[in-house]
There are 2 protein chains.
Amino acid sequence: MKLHFDDFIYGSIDGAVTTFAIIAGVVGASLSPGIILILGFANLFADGFSMAAANYQAAKARNQFIEMKRKQEEWEIDNLEEQEKEEIREIYKKKGFKDELLEEVVRIITSRRKVWVDTMMKEELGLIEDEKNPLESSVSTFIGFNLIGLIPLIPFMIFILMKIDANSEAFVYSTISVMASFFLVGMIKGKIVKKPKIRSGFYTLIIGGIASLVAYYVGYGLKILIQ
Amino acid sequence: MKLHFDDFIYGSIDGAVTTFAIIAGVVGASLSPGIILILGFANLFADGFSMAAANYQAAKARNQFIEMKRKQEEWEIDNLEEQEKEEIREIYKKKGFKDELLEEVVRIITSRRKVWVDTMMKEELGLIEDEKNPLESSVSTFIGFNLIGLIPLIPFMIFILMKIDANSEAFVYSTISVMASFFLVGMIKGKIVKKPKIRSGFYTLIIGGIASLVAYYVGYGLKILIQ
């Protein structure tokens with residue numbers, strides 16, 4: 001089992017954002033801090049699971065789609081040989097080949113089944129096999145989601161365990177820690193996609209911040225509306 | 001602005017799962033139904049926004065990564081001509097070309113810059129340009145998330161607006177409507193990836209169901225633990 005860093009990062013951003021959005025919603029609606037833990041953890045497991053499952057399905061569906069297309073091309077090569085040869089001819093004509101040289105190229109490409117199919121996959125369909133394991137990809141998402149999504153809950157856990165009744169103070173600690181996580185995760189993401197790290201850190205921080213603000217004011221507004 | 005169906009579907013599954021997970025968590029912890037609306041809507045906007053933003057960033061990062069790689073290949077072709085020609089030679093040697101024909105192929109491929117770079121991108125790096133618009137992709141995610149994620153909230157909205165105090169009845173309606181949405185969305189997804197539709201519907205239903213059950217029991221357990 002190998003952890004995939006990019007899936008880990010996407011999971012962790014979503015984990016931190018949604019958990020903190022719940023916290024902000026609860027605080028905005030001035031509900032009790034116990035609800036934060038209840039719904040925070042319910043979201044961590046449920047949303048983390050569903051995101052990992054969606055990731056697994058998407059990766060598997062892509063693999064299956066490519067496999068299906070490959071089988072289809074193989075069938076066409078076996079049953080519509082001339083038509084498929086003509087497609088190879090068109091592909092290489094576009095690359096600038098012509099006359100005898102073009103015919104020679106078509107002959108070589110179509111003389112080996114694997115090379116023929118690979119060429120059709122890449123050039124005709126624009127498909128390249130991805131060797132990513134769907135299970136590893138989804139486990140990485142889940143771990144990222146739960147590990148980083150846990151961070152904004154920690155201050156509330158400590159305050160409740162120590163029976164300190166200081167909801168707004170816990171919220172301050174939670175905000176600081178989640179903002180730090182946003183920034184850090186954004187920086188790591190920047191490193192992966194080879195973009196400026198500081199800018200990428202701020203980017204993720206801003207997006208997470210907006211999402212949390214939205215949650216806070218929706219919670220705040222609905223509380224007034226309902227009561 | 002064009003809606004992308006696959007992004008819409010992934011957004012809608014996540015929207016339905018996380019919204020219903022919050023509902024299940026609230027009901028499991030036997031909190032008041034007003035909290036469902038407050039946190040349900042806070043989650044819809046905040047999580048929907050963050051998912052759309054993550055989708056936008058991922059799509060843009062991929063485009064930028066491919067663009068960077070293309071520029072890099074172009075630089076190498078301009079500055080390390082012989083080395084890059086040798087790479088083309090190796091690629092076509094693997095396809096079964098040799099001797100004079102191989103040299104002719106290398107000459108033709110490397111005589112047009114675009115064909116040369118395209119070949120390096122596909123064959124050496126395994127990268128194919130994706131013409132998906134990041135903004136359209138993220139807007140599709142957001143709409144799917146909010147539209148389908150709203151469904152399990154509707155029964156609670158109606159009951160609260162009509163001032164009917166029947167939380168468990170609203171939960172039954174919510175459960176039925178969200179299960180129907182899971183199944184329907186799963187079927188549409190099956191249609192897109194060309195898999196059996198009924199099976200795909202049940203698959204999504206099961207994953208959504210497990211996520212909701214987890215949320216319900218985490219809510220239930222934590223409520224007992226905290227009180």
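These numbers come from a predicted model, not from an experiment.

1. Details of the overall build of chain A
Across its full length, chain A carries nine helices and zero strands. Whereas a compact globule of 227 residues would reach a radius of gyration of roughly 17 Å, chain A reaches 26 Å, over 25% beyond that. Taken over 227 residues, chain A has a buried fraction of 52%. Counting only contacts in chain A whose residues sit at least 6 apart along the sequence, the fraction spanning at least 24 positions is 75%. For chain A, the accessible area works out to roughly 10900 Å², and carbon and sulfur atoms hold 64% of it. Taken as two groups, the 26 positive and 28 negative side-chain charges of chain A have centres that lie 7 Å from each other.

2. Overview of unusual backbone geometry
For residues other than glycine, phi is negative in most cases, and the peptide bonds are mostly trans. All names here are of chain A. For Ser30, which is not a glycine, the phi torsion comes out positive at approximately 40 degrees. In this fold, Ser30 is placed in the loop between α1 (5-28) and α2 (33-79). Residue classification places Ser30 among the exposed positions, given a relative accessible area of 56%.

3. So, the relation of the copies chain A and chain B
For the pair chain A and chain B, the best superposition has an RMSD of 0.0 Å and corresponds to a rotation of 180 degrees with a translation of 0.0 Å parallel to the axis. What the superposition gives is, in effect, a two-fold axis relating one chain to the other. The share of interface residues of chain A whose copies in chain B are also at the interface is 100%, consistent with both copies meeting through the same surface.

4. Comments concerning the UniProt feature "coiled-coil region" (unreviewed entry) in chain A
The residues that UniProt annotates with the feature "coiled-coil region" (unreviewed entry) are residues 63-90 of chain A. In residues 63-90 of chain A, helix accounts for 96% and strand for 0%; the two terminal C-alpha atoms are 27 Å from one another.

5. A look at the nonpolar core
Ranked by internal contacts, the top residues of the largest apolar core, which has 78 residues, are Ile23, Ile35 and Leu39 of chain A together with Ile23, Ile35 and Leu39 of chain B. Beyond its immediate chain neighbours, meaning those up to four positions away, Leu39 of chain B contacts Ile22, Gly25, Val26, Ile35 and Leu39 of chain A together with Ile22 of chain B. Among the nonpolar cores identified, the runner-up in size contains 36 residues, and Ile91 and Trp116 of chain A together with Ile91 and Val105 of chain B belong to it.

6. What to know about the pattern of salt bridges
On inspection of all chains with the given rule, the structure shows 22 salt bridges over all chains. The partner of Lys114 of chain A in a salt bridge is Asp118 of chain A, with the nearest N and O atoms 2.6 Å apart. Here Asp118 of chain A and Lys114 of chain A lie together in helix α5 (residues 113-124), a separation of four residues that amounts to about one turn. A salt bridge links Arg113 of chain B to Asp78 of chain B; its shortest N-O distance comes to 2.8 Å. Taken together, the residues Arg113 of chain B in helix α5 (residues 113-124) and Asp78 of chain B in helix α2 (residues 33-79) connect sequence positions 35 residues apart. Linked by salt bridges that have partners in common, Arg70, Lys114 and Asp118 of chain A make up one network.

7. Comments concerning the side chain of Ser138 of chain B
Residues and elements named next belong to chain B. Looking at where Ser138 falls in the secondary structure, it is placed in helix α6 (residues 134-150). With a relative accessible area of 7%, Ser138 lands in the buried category. Apart from the residues lying within four places of it in its own chain, the contact partners of Ser138 are Ala52, Asn55 and Tyr56.

8. Concerning the UniProt feature "transmembrane region" (unreviewed entry) in chain A
Residues and elements named next belong to chain A. Under the UniProt annotation, the feature "transmembrane region" (unreviewed entry) is placed at residues 20-46, 142-164, 170-188 and 200-219. The span residues 142-164 carries 74% helix and 0% strand; its end-to-end C-alpha distance comes to 31 Å. The distance separating the terminal C-alpha atoms of residues 170-188 is 27 Å; by composition the span is 100% helix and 0% strand.

9. Some words on the packing of helix α3 (residues 81-94) of chain B against helix α4 (residues 99-109) of chain B
All names here are of chain B. At their nearest, the axes of α3 and α4 sit 10 Å apart, and the two run at 130 degrees to each other. Considering the angle they form, α3 stands oblique to α4. The two elements α3 and α4 cross, and the hand of that crossing is right-handed. When α3 is examined against α4, the residues Lys85, Ile88, Arg89, Tyr92 and Lys93 are found in contact with a partner set consisting of Leu102, Glu103, Val105, Val106 and Ile109. Partitioning the contact of α3 with α4 into residue classes produces six nonpolar, no polar and four charged.

10. Here's the deal with the interface of chain A and chain B
With 65 residues of chain A in contact, the opposing surface of chain B contributes 65 residues. Together, the buried faces of chain A and chain B total about 5400 Å²; carbon and sulfur atoms form 73% of this surface. When the shortest N-O distance is used, the salt bridge between Lys122 of chain B and Glu123 of chain A registers 3.1 Å. In this structure, the connection of chain A to chain B is made through seven residue pairs in polar contact (both at pLDDT 80 or more). Counting residues per element, the ones that place at least two in the side of chain A that touches chain B are α1, α2, α3 (81-94), α4 (99-109), α5 and α9 (197-226) of chain A. Per element, the largest residue contribution to the side of chain A that touches chain B is 21 residues, and it comes from α2 of chain A. When grouped by side-chain class, the residues that make up the side of chain A that touches chain B number 41 nonpolar, 11 polar and 13 charged.

Rules used throughout
- Residue numbers restart at each chain and count upward from 1, following the sequence in its written direction.
- Chains and ligands are labelled by the order in which they are written, letters from A for the one and numbers from 1 for the other.
- For this predicted model, a pLDDT threshold of at least 70 governs which residues receive local features, and a threshold of 80 or more governs which side-chain atom pairs are given and counted, while totals over whole chains, interfaces and linings are taken from all residues.
- Side-chain measures here rest on the full set of heavy atoms in the structure, leaving out hydrogens and waters.
- Only DSSP runs of H or I reaching four residues or more are called helices, and only runs of E reaching two or more are called strands; each is numbered from the N terminus.
- In this description the radius of gyration comes from C-alpha coordinates, and the expected globular size is given by 2.2 Å times residues to the power 0.38.
- Remark: exposure states derive from per-residue accessible area (1.4 Å probe, protein chains only) relative to the maximum for the residue type, with buried under 20%, exposed over 50%, and partly exposed in between.
- A contact between two residues is defined here by any heavy atoms of the two lying within 4.5 Å.
- Each accessible area value is a Shrake-Rupley result obtained with a 1.4 Å probe; residue values ignore everything except the protein chains displayed when judging cover.
- Positive charge is attributed to Lys and Arg, negative charge to Asp and Glu, and no charge count is given to His or to the chain ends.
- Each charge is placed at NZ for Lys, CZ for Arg, CG for Asp and CD for Glu.
- Least-squares superposition aligns the copies on the C-alpha atoms of those residues with pLDDT at or above 70 in both.
- UniProt positions are given in the numbering used here, feature names are shortened, and annotations may be inferred rather than shown by experiment.
- Joining through side-chain atoms within 4.5 Å is the link that ties buried Ala, Val, Leu, Ile, Met, Phe, Trp, Tyr and Cys residues into a set, and such a set is a nonpolar core.
- Criterion for a salt bridge: a side-chain nitrogen of Lys or Arg within 4 Å of a carboxyl oxygen of Asp or Glu.
- Axis definition: a line fit to C-alpha positions, over the contact stretch in the case of helices; interaxial angles, taken between N-to-C directions, run 0 to 180 degrees.
- Any angle that is under 35 degrees is reported as roughly parallel, and any over 145 degrees as roughly antiparallel; angles of 65 to 115 degrees are reported as roughly perpendicular and all others as oblique.
- For any pair of crossing helices, the crossing counts as left-handed if the nearer helix is rotated counterclockwise from the farther one by less than a right angle, and right-handed if it is rotated clockwise.
- Throughout this entry, Asp, Glu, Lys and Arg are counted as charged residues, while Ala, Val, Leu, Ile, Met, Phe, Trp, Tyr, Cys and Pro are counted as nonpolar. The remaining residues, Gly among them, count as polar.
- By buried area we mean how much accessible surface two parts lose on assembly, using a 1.4 Å probe and totalling the loss over both.
- Any N or O atom pair separated by 3.5 Å or less is treated as a polar contact, with the protein-specific requirement of one donor-capable and one acceptor-capable atom, and with residues adjacent in sequence counted only for side-chain atom pairs.

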